Structure formats: structure tokens, C-alpha cells
Amino acid sequence: MPNHYFDNAATSFPKPPAVAESISRYLRECSGTYGRGAYPRIIEASGVVEETRELLAARMGTGNPENVIFTRNATESINILLFGLDLAGAHILISPLEHNAVMRPLAELVRDGGVSYDLLPHFADGRIDVSRIGTVLRPETKLVIVNHQSNVNGVIQPIGALRAAAGSIPVMLDLSQSLGHLPVNLDGWNVDFAAFTGHKGLLGPTGIGGLFMRHPETVRSRIFGGTGSNSESFDMPEFLPDRFEAGTPNVTGIYGLHGALVSEMVPGHTEKEFLDLVDAVEQLPGCTMLRAAEDASQGPVFSITHASIDCGTFARLLQEQSGIETRSGLHCAPLAHTTLGTFPDGTVRISVSLYHTGEDFNCLYNALASVGCD
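All values derive from a computational prediction rather than experimental measurement.

What counts and what doesn't
- Residues numbered from 1 in each chain as written.
- Predicted model: local features only at pLDDT ≥ 70, side-chain atom pairs only at ≥ 80, totals over all residues.
- Heavy atoms only, no water.
- Helix = DSSP H or I, 4+ residues; strand = E, 2+ residues; numbered from the N terminus.
- Rg over C-alpha atoms; globule rule 2.2 N^0.38 Å.
- Contact = heavy atoms within 4.5 Å.
- Areas by Shrake-Rupley, 256 points an atom, 1.4 Å probe, with all protein chains shown as cover.
- Lys, Arg positive; Asp, Glu negative; His and termini not counted.
- Charge placed at Lys NZ, Arg CZ, Asp CG, Glu CD.
- Expected span 1.5 Å × (residues − 1).
- Axes fitted to C-alpha atoms, helices over the stretch in contact; angles between N-to-C directions.
- Parallel < 35°, antiparallel > 145°, perpendicular 65-115°, else oblique.
- Left-handed = near helix turned anticlockwise from the far one by under 90°.
- Core = buried A, V, L, I, M, F, W, Y, C linked by side-chain atoms within 4.5 Å.
- Buried < 20%, exposed > 50% of the residue type's maximum accessible area, 1.4 Å probe, protein only.
- Arc of directions from axis to C-beta.
- Salt bridge = Lys/Arg side-chain N within 4 Å of Asp/Glu carboxyl O.
- Phe/Tyr/Trp six-rings, centres within 6.5 Å; stacked < 30°, edge-to-face > 60°.

Visitor: I'd like to hear about the overall build of the protein, residue by residue, with values.
Guide: Per the secondary structure count, the protein includes eleven helices and eleven strands. Since a compact globule built from 374 residues should have a radius of gyration of about 21 Å, the 21 Å found for the protein is in line with a globular shape. Each principal axis of the C-alpha distribution contributes one length, and for the protein these read about 70 × 55 × 35 Å. Long-range contacts, defined here as pairs at least 24 residues apart, represent 69% of the contacts in the protein between residues at least 6 apart. Accessible surface, the protein as shown: approximately 15,400 Å² in total, 53% of it carbon and sulfur. Across the protein, the centroid of the 25 positively charged side chains sits 5 Å from that of the 41 negatively charged ones.

The structure is reproduced here in C-alpha cells:
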């Protein structure tokens, strides 16, 4: 049966069978909390939590799993970081394709006073022009924030080169769209912070994400409570991950994410098949394509606009006529659309998963042609 779901940048579907199986087994057979006891079901649940932390660290290319803390999602992780760092008087540099998960807390910091930001120099597709980063650095620049892969046009940023150009300034990555789709090498890149979510490229459930902190001593915890450790003190433990994991974690979600991480999945399509799809759609005369300028910088997301109908109508017709499920509008990324020239109308976004096949791509192409793109 063809897979007509092309909204994986919002959340992935389908999930590996092990996701539901792991959640069900936890709820039926275990339901132990994390680190709050020493009987068998607690030991099992705590073991799965720590193994999931280690699997995530390996997937992100870091040998420091204790520096990975669990949160609800990338948005919460970014808030923990931006409101936990000492950014008084700071100048921040951001990529031109940031999501509102960054822009809204950043706007709050600006409103509170003392923080300013500028866009990193970039090319027309939003890819950072690393050669010009030095022109925007200031003595008060304290943080660089980069969306590793855009959720609008799929542009992949050159993290290694950017990290080198930023020098000693801390770099934070938003891995929401890239983790699970692209190689990530936090240690090799020497990235300082990275926020991620479990329900997109990692194919896990919603409600579970995390934050990697290479230098947690620079981040003040803003959430306080029980951890199951150092319970004799009113102060939060100083060690990781407990200092940033107050309260009972989403063990159910962690079990589901664990199921996804240990699943062995064979991609249903090749990279060439996806790029051939992008090239073919770009040639449709009734569509305008938003994509990376170079294939090497293209992730599994692109956007399109229709020559004669608005994006909401475009998406509705795709669904009604062909069952193709997409997302229309601004995708919670008005800065990206402003950069790419599609604000305020937005686009129809196509985002694929490894489950899609060449046949699914043919169905998508034919559906686009059927609504007047050819």
C-alpha cells in the first residue's frame, strides 16, 4: 500500500513496530519509575533510561552520555539553555532559517533587555556563508545558534566549518530535523550544546526529547525538585544528569524511543531517488521549489508553492484528490520564510522518511501534476 504521508518534519509516521511494543510492555509489565527505589521493576526501568541515554549519545557522536539530559522536546531544551546561560549584555548570532523554538525565547530575552541578535551571513537558500562569519562577530558575541537542517527547504548547514569560524564562542545546534536523518558528530565538531526531539527523524513517540551540554557548569538550572538522589538536601545535586532532571521523567516515552533506537530499519529509497524526485518536481512549470542550491546540502525536506492557488488550497487538493498528506503555511518558521521570500503566505512542505519508496515518490509526483503543476 502506498505511503501518502509526507509530513514527517512535523512528526514521523509510521513508527517502527518496536515503539508501540516497548511502550505497551512497559505499561503492562513494568511501570517502574526512574531511580526511585531498588526493586526489580525500578532497576529495569532505570536501566532502559540509561541505555537510551547511551544510544542517543552514540547517535549524536558524543562519548559523554551523562551530558545528555531528557526533556519533553527540543523547545523545552532550547528554553533551558537560553534562560540558563548568562547572556546579560550578550550579542547572539543565529542562522537565517531558525524555527520559533529559538525565535520566541530569543524574542523574550530581547524584550527583557540586554540581549541582541543578528543573522549569520548567508546565501540565497539560507546556507551560512562561513567565509564571512568574521564580519559579524563582536567582542560581546556569546552564542551562535544554528538550525542544523531547515524544516522549510531542507538546507543542511556546514557545522564543522562554522564551528571553526566561530572560534571560542559557544555553538548551539537545533537537531530537530536532522537527528535520525543525517550524520551528527558533536565531539568531532566540538559543538557545545545540542537540542533534539525524539518524534521526528528518530521515529520515536512525541513528548520525549533532550539536551546535550558539553559545559553544563555554564548553565543554571531553572527547574528544581526531586531526583531520587541527595534527598537529604533542599539543593539540587551538582552531578549530571540529575541537576537538570527534576521530577519523574517520561519513562513511557523513553521506552518508546528506546524501541525506535534499537530497531533495524532498511531505507525504502536511495538518496539518488529522493534527489531525482526533487529535480523532477522542480521542473514542473506550475510549481516554484524551495530547496538547497546544492545537492550535497539537501536534506529530506523541500517546499513548493503553486502558481495560481494559495498553499492552504494546494495542500487540501492534494489530500482530497490523491490522499497526499502535507503541511501548508509557515511551519512555525516565519524567519525562514522571510529569508526565502515566502512570508507571509508560506508554502506546501514535503518531508519524507526512510519508509518511503520510489513508488511513493511517483504517487507524489503524479498528485502534484494532477493539481495543475504540470
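Visitor: If you had to explain helix α2 (residues 40–60) to someone new, which residues and values would you point to?
Guide: Between its terminal C-alpha atoms α2 stretches 30 Å, which fits the 30 Å expected from 21 residues at 1.5 Å a residue. Looking at the packing, one finds that the buried side of α2 touches α1 (17–30), β1 (68–71), α6 (186–189), β6 (193–197), β7 (209–213) and α7 (251–261). A positive backbone phi angle near 75° is found at G61, which sits one or two residues after α2.

Visitor: Describe the packing of α1 against α7, listing the residues and the values that go with them.
Guide: Packed helices, taken two at a time, are described by the angle between their axes plus the distance between the axes. Relative orientation of the contacting elements α1 and α7 amounts to 140°, with a least axis distance of 7 Å. The pairing of α1 with α7 is recorded here as oblique in orientation. Where α1 crosses over α7, the handedness of that crossing is right-handed. Between α1 and α7, the residues in contact are A18, V19, S22, I23, R25, Y26, L27 and C30 and V251, T252, Y255, G256, G259 and A260, respectively.

Visitor: Give a detailed account of the nonpolar core, specifying residues and quantitative values.
Guide: Membership of the largest hydrophobic core comes to 39 residues, with the highest contact counts inside it found for M60, V144 and L173. With six residues, α2 is the largest single contributor of residues to this core. Those residues in contact with M60, other than ones at most four positions away along the chain, are V68, L175, L179, V184, N185, L186, F196 and F212. V115, I145, F193 and V219 belong to the second largest nonpolar core, which has 27 residues in total.

Visitor: So what's going on with α1? Residues and values would help.
Guide: For an α-helix the count is 3.6 residues per turn, leaving residues at separations of three or four pointing the same way. Relative to the 20 Å expected for 14 residues at 1.5 Å per residue, α1 spans 19 Å between its end C-alpha atoms, a close match to the ideal helical length. Burial in α1 covers these residues: A18, V19, S22, Y26 and C30. In an axial view of α1, the angular spread of the buried residues amounts to 110°, which keeps them on one side of the axis. Exposed side chains of α1 directed beyond 90 degrees from the buried face belong to P17, A20, E21 and R28. The inward-facing, buried residues of α1 contact α2 and α7.

Visitor: Describe the pattern of salt bridges, naming the residues involved and giving the relevant values.
Guide: Considering all chains together, one arrives at 17 salt bridges under this definition. Among the ionic pairs, R163 bridges to D192, the shortest N-O distance being 2.5 Å. On the criterion of sequence distance, the pair formed by R163 in helix α5 (residues 159–166) and D192 in the loop between α6 and β6 is long-range, its members being 29 residues apart. Side by side, R163 and D192 carry an identical accessibility label, which is buried. Put simply, R291 and D295 hold a salt bridge, and the shortest N to O gap is 2.6 Å. Looking at R291, the relative accessible area reads 12%, which means it is buried. Each member of the salt-bridge network shares a partner with another, and the members are D279, E282, R291 and D295.

Visitor: A description of the packing of aromatic side chains should follow, citing residues and the corresponding values.
Guide: For any pair of aromatic rings, geometry is given as the distance between the ring centres together with the angle between the planes. Taken as a whole, this structure holds four aromatic pairs when the rule is applied. Aromatic pair F274 and F302: ring centres 6.2 Å apart, planes at 45°, arrangement tilted. Of the two residues, F274 is situated in helix α8 (residues 271–282) and F302 in strand β9 (residues 301–306); the sequence distance between them amounts to 28 residues. Take F274: its relative accessible area is 5%, and that puts it in the buried class. Taking relative accessible area as the criterion, F302 reaches 0% and is therefore assigned buried. Through successive ring pairs, a cluster of aromatic residues spans F274, F302 and F361.

Fair warning: the whole summary comes from geometry, so function is off the table for now.
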